[in-house]
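Single-letter residue listing:
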Amino acid sequence: MSGLARIVVVGASLAGLRAVETLRRIGFGGELVLCGAEKHLPYDRPPLSKEVLQGRWDADKLPLRRQPWEDLRLSLRLGLRATALDTGARSVAFDDGTRERYDALVIATGASARRLRDQPELEGIHLLRTLDDALALRAAFERGPRVLVVGAGFIGAEVAASARARGLEVTVIEPLPVPLARGLGERMGALCAELHRENGVDLRCGIGVAGIEGEGRVERVVLSDGSRVAADVVVVGIGAAPETRWLESSGLRLDDGVVCDEYCAAGPPGVFAAGDVARWWNPLFDESMRVEHWSNAVEQGVYVAERLGGSEAGAAPFAPVPFFWSDQYEVKIQFAGRMRVDDEIRVVACSLEQRKFTALYGRAGRLTGVLCFSRPRDLAKYRRLIAARTSFAEAVAAATG
């Protein structure tokens, strides 16, 4: 870590926290500054749409760090939003007027929930990204409302499942033909549609939202076909946008995230990005990608720290097999790899009808993905095969032979 006396990490969530923890673990003895826009200590986000909304967990179960913060010997600055980066002066400006100088900078500002175009300011419209969002939505659920969810991606699908677990009336609006089409493909998305309908969700696909109406608070949602759906609570779950607005004058290349090379370096000396905000070149898939999943935030935060520290683990390019999971009703959905619409899909264990199976995804003769419904043990095995660039035929033969 020659020449690095002061490292600043902007973003005090999962990637940022793992970066500072790793820096101390590998022996960085200089100054560490961890800054975050939220007032809360770093907490786990996946439970927000599940355990927290269902009322099974409170905020005290969410902290990401259980060990004493004093062990990290850092300056922790919370409730502080970055406003600008000056790479020439190597400094970050914040909304309280202060600046932090750095020898190395880790950008880990994550992403923010997207809003509907022309979304009105009515009581009863909710986004779900932060702990405060989740607590506000849980309080709304406790009043027994009619819930309408816009978007059937992972957040929307999990919110719908959590609302049904509380016995609420739920409608889901999705402009694509099936839920989770971008993450799993249409064939497996159709299976997820069946799962939601079997659990009492009024799922309407291939239709969009034209407007939200009400006097002071939500009363109904107008759909793109002109129909109207009564609702007391509307949850907008249409994805997340990388938090890069503060970097627009920095000179960094921004394209749906901070554009980085295969080493997560953003261009200027000493500047790296990790987590939901980073778009980097993954040589394993020969693809520029931005991944909004828990496991990637952990792995990338650790990698950037090891890269800064010059450790052997940080010498090779960052080339992981992305992995995510989702819990909906009694089903655990897990996926590793990268999916495209033209992938070949083969079910290699159990069956779709059982809602318990393993399916392999292949492209150009290579194993590129694996989907597991309630078969968690299979995922690690196939994730290793994807990392080894195993052929699709070999993977299928090994699974079915």
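For the structure itself, consult the block above.
Residues numbered from 1 in each chain as written. Predicted model: local features only at pLDDT ≥ 70, side-chain atom pairs only at ≥ 80, totals over all residues. Heavy atoms only, no water.

## Considering the packing of helix α1 (residues 14–25) against helix α6 (residues 294–309)
- At a minimum axis distance of 7 Å, the contact between α1 and α6 shows a crossing angle of 35 degrees. α1 and α6 meet at a crossing whose hand is right-handed. Between α1 and α6, the residues in contact are Leu14, Ala15, Arg18, Ala19, Thr22, Leu23 and Arg25 and Trp294, Ala297, Val298, Gly301, Val302, Ala305, Glu306 and Leu308, respectively.
- Each residue belonging to the contact of α1 with α6 can be placed in one class, and the counts come to 10 nonpolar, 2 polar and 3 charged. (Axes fitted to C-alpha atoms, helices over the stretch in contact; angles between N-to-C directions. Helix = DSSP H or I, 4+ residues; strand = E, 2+ residues; numbered from the N terminus. Left-handed = near helix turned anticlockwise from the far one by under 90°. Contact = heavy atoms within 4.5 Å. Nonpolar A, V, L, I, M, F, W, Y, C, P; charged D, E, K, R; others polar.)

## Quick look at the sheet that holds strand β1 (residues 6–10)
- Pairing in this open sheet of 5 strands is parallel, and the strands run β3-β2-β1-β7-β19 from one edge to the other. In the strand order of this sheet, the two ends are held by β3 (75–77) and β19 (271–273), each with one partner. For this sheet, the mean inter-axis angle between neighbouring strands, taken without regard to orientation, is 15 degrees.
- One ladder, built from 5 bridges, connects β1 with strand β2 (residues 31–35); its direction is parallel. Its bridge partner lying in β2, Val10 is registered against Cys35. (Pairing = 2+ DSSP bridges.)

## Digging into the pattern of salt bridges
- For the coordinates displayed, the defined rule picks out 32 salt bridges.
- If you follow the salt bridges from partner to partner, you end up with Arg6, Glu31, Arg77, Asp96 and Glu100 in one network. (Salt bridge = Lys/Arg side-chain N within 4 Å of Asp/Glu carboxyl O.)

## Points about helix α2 (residues 131–141)
- Within the span of α2, buried status applies to Leu131, Ala134, Leu137, Arg138, Ala140 and Phe141.
- Contact partners of the buried residues in α2: β9 (125–126), β10 (146–150), α3 (154–165) and β16 (233–236). (Buried < 20%, exposed > 50% of the residue type's maximum accessible area, 1.4 Å probe, protein only.)

## Some remarks on the packing of aromatic side chains
- Taken as a whole and assessed by the stated rule, the structure comprises 8 aromatic pairs.
- Aromatic side chains Tyr303 and Phe318 sit 5.2 Å apart centroid to centroid with 40 degrees between the ring planes, which places their arrangement in the tilted category. Here Tyr303 is found in helix α6, whereas its partner Phe318 is found in the loop between α6 and β22 (323–328), with 15 residues between them in sequence. Grouping residues by exposure puts Tyr303 and Phe318 together as buried.
- An aromatic cluster of three or more residues is present, and its members are Phe154, Phe324, Phe335 and Tyr361.
- Looking at Arg65, its charged tip hangs above the ring of Trp69, at a distance of 6.0 Å from the centre.
- Against the face of Phe285 rests Arg366, its NZ or CZ located 5.6 Å from the ring centre. (Phe/Tyr/Trp six-rings, centres within 6.5 Å; stacked < 30°, edge-to-face > 60°. Lys NZ or Arg CZ within 6 Å of the ring centre and 35° of its normal.)

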